[in-house]
Amino acid sequence: MRLSDLTHPNQLHGLTTAELEDVACQIRERHLQVVSTSGGHLGPGLGVVELTIALYQTLDLDVDRVVWDVGHQAYPHKLLTGRYENFDTLRQQKGVAGYLKRAESSFDHFGAGHASTSISAALGMALARDQRNQHFKCVSVIGDGALTGGMALEAINHAGHLPNTPFLVVLNDNDMSISPPVGALSSYLNRMRLSPPIQFISDSVQESVKNLPFMGGELPAEFKSLSGSMRRLAVPKVGAVFEELGFTYMGPIDGHDISEMVRTFNSAHKAGGPVLVHVVTTKGKGYPYAEADQVGYHAQSAFDLTTGKSLPAKTPKPPSYSKVFGQTLVKLCEQDSSVIGITAAMATGTGLDLLQKANPKQYVDVGIAEQHAVTLAAGMSCEGLKPVVAIYSTFLQRAYDQLIHDVGIQNLPVTFVLDRAGIVGADGPTHQGQYDISYLRSVPNFTVMAPKDEAELQSMLVTCLQHKGPAALRIPRGSGEGVPLMEEGWEPLKIGRGELLIEGDDLLIVAYGAMVPPAIKTAALLEESGIKSTVINARFLRPLDQALIHPLARRIGKIVTMEEGALPGGFGSAVIESLSDQEILIPSLRIGIPDKLVDHATPKQSKEALGLTPDQMCNQIKNKFALDSKESLFSSNPSNQSFNG
């Protein structure tokens, strides 16, 4: 069968193992061709090609449900469910999403871009099925890295308590998340990989005892207990934990042997109750460069398929904010042994891989466990350490209670560096860092800030570490502004003090973080029309520099706020609320991300769609305040205009 002719996964039914293996080769070829051209996740999908085919060989996807954890391992799933022709548009604006998306396909049973959700979701579907007396199968496919997440373990705990609920968990064990996983669970799975497969021991014991002449075909309660005990005896370290938690354990099996997986999945479907099938795979399977460098090839920008090397950028770029943060933290750790960098399985993405290499004693990776990372840091700070928790803005959402309950309320000196804050591009709605401004504004005792460039990032990191309470620092994805950097000797900023960048009498622009450079460009465009703006780099969301903003707002009478974050409850809201509290009721315009999801596209395309380019913001300002010319400024009296937030 040609993969291009396959529009429904049920078309796999009836194919021979050889034919299925041929389909696997075609999936890898298409996967590599598209990702090498346009970029995307590479290693995760390559590792589950045979797993996907074998699983779908045993299911009826018109009725059965499969929930893929995270979703970046589901590219083969997309190719088997009617998206072959459009796969060239992967992660592009209005193209195929990089993660599962319920609106994209009826076969995407649950959308996700964050780890550890699949077992909970699939179990919820199974319980709904039983409630309605339906009979479809429910399957969760989760990686060993995602299994370190507390939510996955909570779901396993619940599922094991439901012996009469048929439910399958497929553990895709490739000994990796994005980076190598950490912790006792990872070590346990390593030992299991080396053990022989255990699948049918208890059934064999039961049948043997029943066939004894004096048993009469019946198995007394004592022997039923013995059966379970003998099974656990046979699997002392192979699935024993899962067995004790109420699952039937099968495995470990070869995740690239289609026929073995088909047999095992069919047996699992018949077992009844919760079952865990342990499948051992190789991340990046079939592409030597991805197999050899499983961290580097987890996701890739466009690369040469022959050499495996990334295509060079058309123009040189300044270092990324993440890299500048990592390099600066390494220096600060060298100067102060009490500074500790903490990541939740995202060392490379946050720049903490630099600290891991340079000073592993001051580096901690907790696995995919953001809640634990936050409270761990709180405990460290109680004993005099200075923890720096580096987590993507979108992932810190998962630890909101810990921010409030364990850090904020206790006023503990923990530093949070929120990477990928703002528009992030091709990963889409699950990864946009658009909510952190809003969700941090109300956390008690927090100081919250954002730099206008990478040099200010260095000063802010020092500011956070010298502060005696909790502090959060948001940084955008991608390259810095190209400003000069210092190697050391950074001075802290005065907390709550903004920066006056440009002075003008016609309009006040207050910008936060990454929106400061666009604000300066917008002011330049306005000046071409004779409109002179005052531009403030707010620096701090909390506390706001009211001493700087309020007098200028009163005098100028028109204010614009700019932020790369959600407008509801965002930076602009904070400024307008502050003015309102002082009865400074002047016309205002808040520019940022409206109350909508930001779909996958390049950051440039997303910003254009949201009206966040300097040209667009210039036009919005002119239209809002009727500033078509300099003369119109003098025809309006701010004191006679109504407040408009």
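Note that the structure is predicted; figures quoted are calculated from it, not measured.

Reading the values: rules and limits
Residues numbered from 1 in each chain as written. Predicted model: local features only at pLDDT ≥ 70, side-chain atom pairs only at ≥ 80, totals over all residues. Heavy atoms only, no water. Helix = DSSP H or I, 4+ residues; strand = E, 2+ residues; numbered from the N terminus. Buried < 20%, exposed > 50% of the residue type's maximum accessible area, 1.4 Å probe, protein only. Contact = heavy atoms within 4.5 Å. Areas by Shrake-Rupley, 256 points an atom, 1.4 Å probe, with all protein chains shown as cover. Pairing = 2+ DSSP bridges. Axes fitted to C-alpha atoms, helices over the stretch in contact; angles between N-to-C directions. Expected span 1.5 Å × (residues − 1). Phe/Tyr/Trp six-rings, centres within 6.5 Å; stacked < 30°, edge-to-face > 60°. Lys NZ or Arg CZ within 6 Å of the ring centre and 35° of its normal. Salt bridge = Lys/Arg side-chain N within 4 Å of Asp/Glu carboxyl O. Parallel < 35°, antiparallel > 145°, perpendicular 65-115°, else oblique. Nonpolar A, V, L, I, M, F, W, Y, C, P; charged D, E, K, R; others polar. Polar contact = N/O pair within 3.5 Å; in protein donor to acceptor, adjacent residues only side chain to side chain. pLDDT = per-residue confidence, 0-100.

Thoughts on the overall build of the protein
So, step 1. Looking only at helices and strands, the protein features 26 helices and 19 strands.
So, step 2. Among the 645 residues that make up the protein, the fraction classed as buried is 56%.
So, step 3. Here the contacts in the protein between residues at least 6 apart in sequence split such that 76% fall between residues at least 24 apart.
So, step 4. For the protein, the accessible surface area stands at approximately 26,300 Å², while carbon and sulfur atoms represent 52% of it.

Considerations on the sheet that holds strand 6 (residues 274-280)
So, step 1. If you trace the five strands from one edge of the open sheet to the other, you get 2-3-4-6-5, paired in parallel fashion. Of all strands in the sheet, those with a lone pairing partner are strand 2 (65-68) and strand 5 (248-254), marking the two edges. Averaged over all neighbouring strand pairs, the angle between strand axes comes to 20 degrees, with direction disregarded.
So, step 2. With four bridges connecting them, strand 2 and strand 3 (residues 138-143) associate as parallel partners. Along strand 3, the bridge assignment pairs Val-67 with Ser-140.
So, step 3. Where helix 3 (residues 49-57) meets the sheet, it contacts strand 2, strand 3, strand 4 (167-173) and strand 6, and its direction lies at approximately 160 degrees from that of strand 2.
So, step 4. Sheet contacts for helix 11 (residues 258-271): strand 3, strand 4, strand 5 and strand 6; angle to strand 5, the most-contacted strand, approximately 175 degrees.

Quick word on the sheet that holds strand 19 (residues 588-593)
So, step 1. Strand order across the open sheet formed by five strands is 14-16-15-18-19, with mixed pairing between neighbours. Every other strand in the sheet has two partners, leaving strand 14 (499-502) and strand 19 as the edge strands with one partner each. Mean inter-strand twist for the sheet, computed between neighbouring axes without regard to direction, equals 25 degrees.
So, step 2. Against the sheet, helix 25 (residues 614-625) touches strand 15 (507-511), strand 18 (559-566) and strand 19, its axis set at about 150 degrees to strand 19.

Let's talk about helix 11
So, step 1. Between its terminal C-alpha atoms helix 11 stretches 20 Å, which fits the 20 Å expected from 14 residues at 1.5 Å a residue.
So, step 2. Buried residues along helix 11 sit in contact with helix 1 (17-38), helix 3, strand 4, strand 5 and strand 6.
So, step 3. In the segment just after helix 11, Gly-272 is the residue with positive phi, at about 80 degrees.

Here we look at the pairing of strand 19
A regular strand places its side chains so that they alternate between the two faces of the sheet.
So, step 1. Of all six residues in strand 19, five are buried; the element is thus mostly enclosed.
So, step 2. Sheet topology places strand 18 next to strand 19; five bridges connect them, and they run parallel. Counted as the bridge partner of Met-562 is Ile-591 from strand 19.

Some thoughts on the packing of aromatic side chains
So, step 1. This model, assessed by the stated rule, comprises ten aromatic pairs.
So, step 2. Members of the aromatic cluster, connected to one another through ring pairs, are Tyr-287, Tyr-289, Tyr-297 and Phe-303.
So, step 3. Stacked on the ring of Tyr-84, the Lys or Arg Arg-30 has its end atom at 4.5 Å from the ring centre.
So, step 4. The ring of Phe-136 has Arg-65 sitting right over it, with the charged end atom 4.1 Å from the ring centre.

Digging into helix 22 (residues 546-556)
So, step 1. Of all the residues in helix 22, the buried ones are Leu-548, Ile-549, His-550, Leu-552, Ala-553 and Ile-556.
So, step 2. Looking at the buried residues of helix 22, the elements they touch are strand 14, strand 15, strand 16 (533-537), strand 18 and helix 23 (571-581).
So, step 3. With its phi angle positive at about 85 degrees, Gly-557 sits one or two positions after the end of helix 22.

What about the pattern of salt bridges?
So, step 1. Under the defined criterion, the tally for this structure stands at 22 salt bridges.
So, step 2. A salt bridge links Asp-336 to Lys-386, with the nearest nitrogen and oxygen atoms 2.8 Å apart. Of this pair, Asp-336 sits in the loop between helix 13 (321-335) and strand 8 (339-343) while Lys-386 is found in strand 10 (residues 386-392), placing the two residues 50 residues apart along the sequence.
So, step 3. A residue is classified by how much of its surface remains accessible, and Lys-386, at 31% relative accessible area, is partly exposed.
So, step 4. Salt bridges here are not isolated pairs; linked through shared partners, they connect Lys-452, Asp-453, Glu-456, Glu-499 and Arg-539.

Some words on unusual backbone geometry
So, step 1. The omega angle of the peptide bond from Gly-251 to Pro-252 is -5 degrees, so this bond is cis rather than trans.
So, step 2. Of note, Pro-252 is situated in strand 5.
So, step 3. Look at the link from Arg-542 to Pro-543: it is a cis peptide, with omega at 0 degrees.
So, step 4. Backbone geometry at Asn-411 places phi at a positive 55 degrees, although glycine is not the residue there.
So, step 5. Structurally, the position occupied by Asn-411 is in the loop between helix 18 (400-408) and strand 11 (415-419).
So, step 6. For Asn-411, a relative accessible area of 36% puts it in the partly exposed group.
So, step 7. Unlike most non-glycine residues, Arg-420 shows phi in positive territory, near 55 degrees.
So, step 8. Within the fold, Arg-420 resides in the loop between strand 11 and helix 19 (436-441).

Looking at the packing of helix 16 (residues 370-382) against helix 18
So, step 1. Their axes nearest at 9 Å, the elements helix 16 and helix 18 cross at an angle of 10 degrees. The angle between helix 16 and helix 18 places the two elements in the roughly parallel class. The segment helix 16 lies against helix 18, with Gln-371, Val-374, Thr-375 and Ala-378 engaging Gln-402, Leu-403, Asp-406 and Val-407.
So, step 2. Tallied by class, residues from the contact of helix 16 with helix 18 come to four nonpolar, three polar and one charged.

Some thoughts on the side chain of Arg-474
So, step 1. Position of Arg-474 relative to the elements: it lies in strand 13 (residues 471-474).
So, step 2. Looking at Arg-474, its side chain comes within polar contact range of the main-chain oxygen of Glu-564, at 3.4 Å.
So, step 3. When sequence neighbours within four positions are dropped, the list of residues in contact with Arg-474 reads Leu-418, Ala-421, Gly-422, Gly-433, Asp-436, Ile-437, Met-449, Ala-450, Pro-451, Tyr-512 and Glu-564.

Concerning the confidence of the model for the protein
Low-confidence regions, as indicated by low pLDDT, have predicted coordinates that should not be scrutinised in detail.
So, step 1. Mean pLDDT over the protein stands at 89; residues scoring 70 or higher make up 87%.
So, step 2. Contacts of residues 199-204 to residues separated by more than four positions or lying in other chains number 14 contacts, the stretch itself having pLDDT below 50.
So, step 3. Every residue in residues 224-236 is under pLDDT 50, and counting partners more than four places away or in other chains gives 19 contacts.

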